[in-house]
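# Examining the three-dimensional arrangement
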Amino acid sequence: MLKRDIESIKCFINPFYELNFQAKWDKLSVSEKQELITSYIDSIEVIKNDKDIKIKHITFRKTFIEEYVNIFNSGGINSNQEIKDNDVPINIEVSTPMIREEIKKYIKKLQLNYPIDYQELKKE
């Protein structure tokens, strides 16, 4: 979870971080891209017309789905939620629920790499 959050922070701090990822992807050969994709996907059905390709259906590998569920259940995946501040909608990223002591320890670990802070939101 810490590694995921550090990667997320890097994207905010360095606008070129995602571009670097794209550049690495672009350097992969077609067979390397296929190998990477097929390690997660069993089958994919696409619809192709003259100008573009649209994905109709994807069947992910069972092992990938099981691992995703394990990561999600252990709090390794954040979700986005909308909250309202004075009737103004704001999108926030929500991570795993933790008690205050856990959050304080976690923030200290993150602060070893980046100058960050957090806000506690109270549920209405």
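Up top is the structure these notes are about.
Source: prediction; values computed, not measured.

### Some remarks on the pattern of salt bridges
If the charged atoms of two oppositely charged side chains come close together, the side chains can form a pair. A full pass over the atoms with the stated rule returns 3 salt bridges. Arg 61 is the partner of Asp 42 in a salt bridge, and the nearest nitrogen-oxygen pair spans 3.0 Å. One end of the pair, Asp 42, is in strand β1 (residues 41-48); the other, Arg 61, is in the loop between β2 (53-60) and α4 (62-73), with 19 residues separating them in the sequence. A relative accessible area of 49% means that Asp 42 is categorised as partly exposed. Here Glu 66 ties to Lys 62 by a salt bridge, and the two come within 3.7 Å at their closest N and O atoms. On the criterion of helical spacing, the pair formed by Glu 66 and Lys 62 is a turn pair, its members being 4 residues apart in helix α4.

### Describing helix α5 (residues 100-111)
The end-to-end C-alpha distance of α5, which contains 12 residues, comes to 16 Å, matching closely the 16 Å that a straight helix rising 1.5 Å per residue would cover. Every buried residue of α5 is accounted for by Tyr 106, Ile 107 and Leu 110. Take α5 and look down its axis: the buried residues cluster within an arc of 100 degrees, on one side only. Of the exposed residues in α5, the ones pointing more than 90 degrees away from its buried face are Glu 101, Lys 105 and Lys 108.

The rules we used
- Residues numbered from 1 in each chain as written.
- Predicted model: local features only at pLDDT ≥ 70, side-chain atom pairs only at ≥ 80, totals over all residues.
- Heavy atoms only, no water.
- Salt bridge = Lys/Arg side-chain N within 4 Å of Asp/Glu carboxyl O.
- Helix = DSSP H or I, 4+ residues; strand = E, 2+ residues; numbered from the N terminus.
- Buried < 20%, exposed > 50% of the residue type's maximum accessible area, 1.4 Å probe, protein only.
- Expected span 1.5 Å × (residues − 1).
- Arc of directions from axis to C-beta.

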